[in-house]
Amino acid sequence: MYRFSPGGGIITSVCLVQVSADRSVAEMLTQSARFMAFPDVKEHFKEYHTRYQRKIFKERLSNIASVQPCVADMIYKELALDASSTQHSTTAERMRLIFLGNTELIGDLRHMNPGRPGNTYDTFFEEMAKVVEEATVADERRHNEAHLAAWISVRDLMAQTTERCPEHTLVPSPSLVRLQFSPKNPYSKTALSFTSKLKVQYKIQRRQLRADHMDQHYAAAQFKYLRELAVELGNEKAIFLFADDKAKIPVGEPGLAVSTGVRGKMALTPSTTTLVSLDHDMTKASLTPSVNLICSIPSGVSDSFVQGRVITTINDSVFEGSSPWRHSACVVKFLKDASQTVLLLYTDGGTDHRHTLEAVRLGLICIFKELNLEGIIAGRCAPGHSFTNPAERVMSVLNLGLQNCSLERSIMDLASEVSAKRYGSMKELRQHTALRDPWKESVVSVKHIIANRFRRLKLKDSPIEVMDTITDHEIDLLQRHAQALFPGMNLTKVTKETTSKCAEYTAWKAAHCRERHYTFQIRKCSDPDCCLPLASPTNFAWLPDPVLDEDGLHYKSYKEVADLLTEDGRPSLTASTKSKKVETGKKRPSNFTTLSIEEENNGNGVPLTTQNARSVVECVECRKPRLIYSRHKLTDRQMVSVATLITGFEYTCGSPLCPPGHPQVSNLLVRRGLTCQAPIELAYYAAMMGPVDLCAHCSTSGADPKTSLKKQYKTVLPICRGCEGNGKTPIVARPHGKK
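Within any chain, residue numbers begin from 1 and follow the written order of that chain's sequence. Totals for whole chains, interfaces and linings use every residue, but because this is a predicted model, local features are given only for residues with pLDDT of at least 70 and side-chain atom pairs only at 80 or more, for both listing and counting. Calculation of side-chain values draws on the structure's entire complement of heavy atoms; hydrogens and water are dropped beforehand.

Colleague: Explanation requested: the overall build of the chain in the structure shown.
Modeller: Every helix listed is a DSSP run of H or I at least four residues long, and every strand listed is a run of E at least two residues long, numbered separately from the N terminus. Secondary structure summary: the chain contains 23 helices and 23 strands in total. The rule is simple: take the accessible area with a 1.4 Å probe, protein chains only, and divide by the maximum for that residue type; under 20% is buried, over 50% is exposed, in between is partly exposed. Looking at the 739 residues of the chain, the share that counts as buried comes to 44%. Surface accessibility follows the Shrake-Rupley procedure with a 1.4 Å probe radius. Residue values consider only the protein chains on display as shielding. Of the accessible surface of the chain, which amounts to about 41000 Å², a share of 53% is contributed by carbon and sulfur atoms.

Written out as structure tokens, the structure reads:
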């Protein structure tokens, strides 16, 4: 009897062999050794290895090559003669047979697949190669450098190629075209799928702050009411228009192409070309696209309102700056043939669209008269919430046409170029009227480039339209209505102060308009001498104001407040201010300037005092100047950063000046406890950083402090006649005889 144990206590093999009974001891030893040496006998004694032994082998094998687990198991079993069972016995048996040379077990069926005929799309790809070649040699001044992404998308490249192909040419799918590009990384595994038939790659060109507001819930409810009214009126009776201005597009000087700043996505570019641009962003010339979305009103208020016609106008920021008159003339131009009688307008409340400004209101009145509408409702979002405006959704589509582009204007005549170099800002250029015509001609070519790229874009299969810039003559024609209605008004300076002195304007608004903080509404009156007869028998109803429900947490539905006309639900209206009325005979009135320095230092120990006031920023909502504080005097570079912040972001009272992550976020400070109802800071008048004749309540210029109060107080802030007539009292501080 022979016993064989491979180790590990897994199994012991026992073999019984017949031998002679009279063997000697020497024969027993020699016969046993010879018996175990026979190959036929050794095959029957199998070895069983542990899982740990196999694991060590696989780990060492992986250091040399990447092998599939089933292949590693087969190699180990063949080399170590491991008789342990496998998890996938069928796969292991197939691997063993293939290892022994039985390759006919798997049939080769590749001969049955002839593949795609190689010449199916040859005509299309040959023409596309010519398009790519033309884009490569487009820049004559530099080799293999471009300032414009030649194609907005793969479909745009295919569309340009299809236009040049003969009729009935077969067009491949976008995915097949994409596989003909050059791979971005030729050493990656995915590069095996690319043919590099077209020398094209995806490349990136080298080179608004959301804030909380106390009225954001109120403004959102107001916008929902406006949408419900639009659904109720329908496309047959109402036009729902969303308007907004896109960010300025910088334009470089002749020979100095400057990036548009849109570079968030890779663009299609010839693989032999590098997208480059200047690395600075201080330019004189720029273009401002005005975007108007004429919404195709859906059947329900919960459906998408981001659909319909998109009409853009590209304005020169220097001599065709955005203004209420320009926007009003633009609306009249593309709505002059419309049959609807109600205009619903929604904007983000920018400087040129905010209907709390009298210039914007006067422009809406001229639209009302020119188009002979039954009613206009102009609404806006809460400050810092421009993302709620559906027109903002169009900006991302327009960015596709602007991404990875560098622009430069054409050169003017020598005298004009020399004259333009003397001025360092757009404000200085505007004052030089002799440059107006040469300058506008120098940016015409850039306008055409952007307009052509915009026309190649679509919003939900609707092509984007580009309209010609509004001329001064068209603006003058629109202003005729204002001159006829209000002959005593000065149209060159339309402010709250000047319009309040025009009796005709005040009376017309009282008869036709309904003014609210977030809406401005106009409708026809019943006087036939003033307004043309109504097209419908019923008069246009006012849009109601949001009203809180019983629990005070939510606003009522549109149908519940249809007949309620009150603005008491607006939080900013009921917000308490820190100023109190001044009454003669009282000891010492408390006012806004009693705020202690320690209570408001923005958490970093910088006192917000007159000594630390460094600059001024104007609130886009209330137009009041607010001071910018810093512990140390600002350098020239920091002053440039402040100017960039003020022009790049819209500041509202109570919001931070710098966006998160800005390098000056801890250095430039503003008072965060201010609201638009709060008066101008006392430190503003002491720092002398701007006009000091501004009314402390409404920032109207030409206000004077009360002389009689100066005998009682050392500090008396100016107040205008309008605020005094509305019951507001002067703001005073520091009574005489007290410290």
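The structure having been displayed, the exposition proceeds.
Colleague: Just checking my understanding: could you explain the pairing of strand β12 (residues 342-347) for this structure?
Modeller: Summarising burial for β12: six of the six residues are buried, a large majority. Because side chains alternate across β12, one face comprises the buried residues V342, L344 and Y346, and the other comprises L343, L345 and T347, equally buried. Each pair of strands is called paired provided DSSP finds at least two bridges between the two strands. In this structure, strand β5 (residues 238-245) lies alongside β12, joined through five bridges in parallel fashion. Bridge pairing in β12 places F240 opposite L344. Of the pairings in the sheet, the one linking β12 to strand β13 (residues 375-380) comprises six bridges and is parallel in character. Across the sheet, residue L344 finds its bridge partner in β13, namely I377.

Colleague: It is not clear to me how helix α21 (residues 636-648) should be interpreted in this structure. Could you clarify?
Modeller: Note on helix geometry: an α-helix contains 3.6 residues per turn, so any two residues three or four positions apart are oriented the same way. Working rule for helices: expected span equals 1.5 Å times residues minus one. Between its first and last C-alpha atoms α21 spans 18 Å; for 13 residues at 1.5 Å apiece the expected length is 18 Å, and the two agree. Taken as a whole, α21 has its buried residues at Q638, S641, V642 and L645. Down the axis of α21, the smallest arc covering the buried residues is 100°, so these residues share one side. More than 90 degrees from the buried face of α21, the exposed residues found are D636, R637 and T647. This arc corresponds to the set of directions leading from the helix axis out to the C-beta atoms.

Colleague: Looking at this structure, I do not really get unusual backbone geometry. What am I missing?
Modeller: Residues other than glycine seldom take positive phi values, yet D461 does so here, at roughly 70°. By the element assignment, D461 lies in the loop between β15 (458-459) and β16 (462-463). Given a relative accessible area of 69%, D461 falls into the exposed group. For R734, which is not a glycine, the phi torsion comes out positive at approximately 55°. Tracing the chain through its elements places R734 in strand β23 (residues 732-735).

Colleague: Is there a simple way to explain the confidence of the model for the chain in this structure?
Modeller: Any residue range with low pLDDT should be treated as having predicted coordinates unsuitable for detailed reading. Of the residues in the chain, 82% reach a pLDDT of 70 or more, and the chain-wide mean stands at 80. Taken together, the stretch residues 137-143 has pLDDT below 50 and engages in seven contacts with residues farther than four places along the chain or on a different chain. Contacts for the low-pLDDT stretch residues 576-601, under 50 throughout, to residues beyond four places or in other chains number 43 contacts. The predictor's confidence in any single residue is recorded as pLDDT, a number from 0 to 100. What makes two residues a contact is simply this: any of their non-hydrogen atoms within 4.5 Å.

Colleague: How should I be thinking about the nonpolar core in this particular structure?
Modeller: For soluble globular proteins, the rule of thumb is that nonpolar side chains tend to be buried together. Here the nonpolar core consists of buried residues drawn from Ala, Val, Leu, Ile, Met, Phe, Trp, Tyr and Cys, with membership extended through side-chain atoms lying within 4.5 Å. Formed by 62 residues in total, the largest nonpolar core has its most connected members in F240, F242, L344 and I450. Per element, the largest residue contribution to this core is nine residues, and it comes from helix α9 (residues 216-233). Excluding residues that lie within four positions of it along the chain, F242 makes contacts with F223, V291, N292, L293, C295, F305, Y346, N389, P390 and A391. Counting residues in hydrophobic clusters, the runner-up holds 41 residues, among them A243, F334, L362 and I522.

Colleague: It is not clear to me how the side chain of R570 should be interpreted in this structure. Could you clarify?
Modeller: One can find R570 in the loop between β19 (519-523) and α20 (571-574). The class of R570 is buried, set by a relative accessible area of 6%.

Colleague: Looking at this structure, how should I read the pattern of salt bridges?
Modeller: Side chains that differ in charge, positive against negative, can pair when their charged atoms come close. Here a salt bridge means any side-chain nitrogen of Lys or Arg lying within 4 Å of a carboxyl oxygen belonging to Asp or Glu. Within the structure shown, the criterion is met by 19 salt bridges. The shortest N-O distance in the salt bridge between R409 and E253 comes to 2.7 Å. Taken together, the residues R409 in the loop between β14 (406-407) and α13 (414-420) and E253 in the loop between β6 (249-251) and β7 (258-259) connect sequence positions 156 residues apart. The exposure class of R409 is buried, given its relative accessible area of 2%. Given a relative accessible area of 23%, E253 falls into the partly exposed group. With its nearest N and O atoms 3.0 Å apart, the salt bridge here joins R309 to E465. Taken together, the residues R309 in strand β11 (residues 308-316) and E465 in strand β17 (residues 465-467) connect sequence positions 156 residues apart. What makes E465 partly exposed here is its relative accessible area of 33%.

Colleague: I'm lost on the pairing of β13 in this one. Help?
Modeller: The side chains of a regular strand alternate between both faces of the sheet. Of all six residues in β13, six are buried, a share of seventy percent or more. Taking every second residue as pointing to the same face, both faces of β13 are buried, with G375, I377 and G379 on one and I376, A378 and R380 on the other. Whether a crossover is right-handed depends on one test, that the path from the first strand over the helix to the second runs clockwise when the strands point away from the viewer. After leaving β12, the chain enters helix α11 (residues 358-370) and then returns to the sheet as β13, a path that is right-handed.

Colleague: Is there a simple way to explain the packing of helix α4 (residues 69-80) against helix α5 (residues 89-99) in this structure?
Modeller: Angle between the axes and distance between the axes: these two values describe a pair of packed helices. Axis lines are fitted through C-alpha atoms, for helices just across the contact stretch, and the angle between N-to-C directions can take any value from 0 to 180 degrees. Closest axis-to-axis distance for the α4/α5 pair is 10 Å, and the angle between their directions is 65°. In this structure, the crossing between α4 and α5 has a hand that is right-handed. In this structure, α4 uses C70, V71, M74 and E78 to contact α5, whose residues at the interface are T91, M95, R96 and F99. Looking at the contact of α4 with α5 residue by residue, the classes come out as five nonpolar, one polar and two charged. A crossing counts as left-handed when the near helix is turned anticlockwise from the far one by less than a right angle, and as right-handed when that turn is clockwise. When residues are sorted by character, Ala, Val, Leu, Ile, Met, Phe, Trp, Tyr, Cys and Pro go into the nonpolar class, Asp, Glu, Lys and Arg into the charged class, and all the rest, Gly among them, into the polar class.

Colleague: What is the right way to look at a nonpolar patch on the surface in this model?
Modeller: Patch membership needs two things, relative accessible area over 30% and no salt bridge, and members are linked within 9 Å if like-charged or within 5 Å if nonpolar (Val, Leu, Ile, Met, Phe, Trp, Tyr). The grouping of M1, V14 and L16 at the surface amounts to a nonpolar patch, some 360 Å² of accessible area in total. Turning to its location among the elements, M1 is positioned in the segment before β1 (2-4). By relative accessible area, M1 is classed as exposed at 64%.

Colleague: Would you explain the environment of E47 in this entry?
Modeller: Mapped onto the fold, E47 is located in the loop between α2 (39-42) and α3 (51-62). Sequence separation of E47 and A83 is 36 residues, and the distance between their C-alpha atoms is 5.6 Å.

Colleague: Looking at this model, I keep getting lost on the packing of α11 against helix α19 (residues 503-512). Mind explaining?
Modeller: Remark: α11 packs on α19, axes separated minimally by 13 Å, with the N-to-C direction vectors making an angle of 65°. Taken together, α11 and α19 sit at an angle that is classed as roughly perpendicular. Crossing of α11 over α19 shows left-handed handedness. From α11, E358, R361, L362, I365, F368 and K369 reach across to α19, where they touch Y505, W508 and K509. Every angle not falling under 35 degrees, over 145, or within 65 to 115 is termed oblique; those three ranges are roughly parallel, roughly antiparallel and roughly perpendicular.

Colleague: I'm lost on the packing of aromatic side chains in this one. Help?
Modeller: Ring pairs (aromatic) are described by centroid distance and by the angle formed between their planes. Think of it this way: a Phe, Tyr or Trp ring, Trp meaning its six-membered ring, pairs with another when their centres are within 6.5 Å, and the plane angle makes it stacked under 30 degrees, edge-to-face over 60, tilted otherwise. Counting across every chain of the model gives 15 aromatic pairs. Aromatic side chains Y218 and Y555 sit 5.8 Å apart centroid to centroid with 70° between the ring planes, which places their arrangement in the edge-to-face category. Here Y218 is found in helix α9, whereas its partner Y555 is found in the loop between β19 and α20, with 337 residues between them in sequence. Judged on exposure class, the residue Y218 and its partner Y555 are both buried.

Colleague: Sorry, what's going on with the environment of T566 here?
Modeller: Of note, T566 is situated in the loop between β19 and α20. Its relative accessible area of 25% is what places T566 among the partly exposed residues. Separated by 20 residues in the primary sequence, T566 and P546 have C-alpha atoms spaced 8.1 Å apart. Excluding its chain neighbours within four sequence positions, the residues that come into contact with T566 are R514, R516, D545 and V547.

Colleague: Can you walk me through the side chain of D316 in this structure?
Modeller: Considering the arrangement of structural elements, one finds D316 in strand β11. Of the side chains bearing the opposite charge, K447 lies closest to the buried D316, which forms no salt bridge; the N-O distance is 6.3 Å. Residues in contact with D316, not counting those within four places in the same chain, are S286, L287, G321, W439, K440, V443 and K447. His residues and chain termini do not enter the charge count, which takes Lys and Arg as positive and Asp and Glu as negative.

Colleague: Honestly, the environment of S286 in this entry has me stumped. Any pointers?
Modeller: Structurally, S286 can be placed in strand β10 (residues 285-295). Looking at S286, the relative accessible area reads 6%, which means it is buried. When the C-alpha atoms of S286 and P250 are compared, they prove to be 4.4 Å apart, with 36 residues separating the residues in sequence. For S286, the residues in contact, after removing those within four places along its chain, are K248, I249, P250, V251, N315, D316, S317 and M426.

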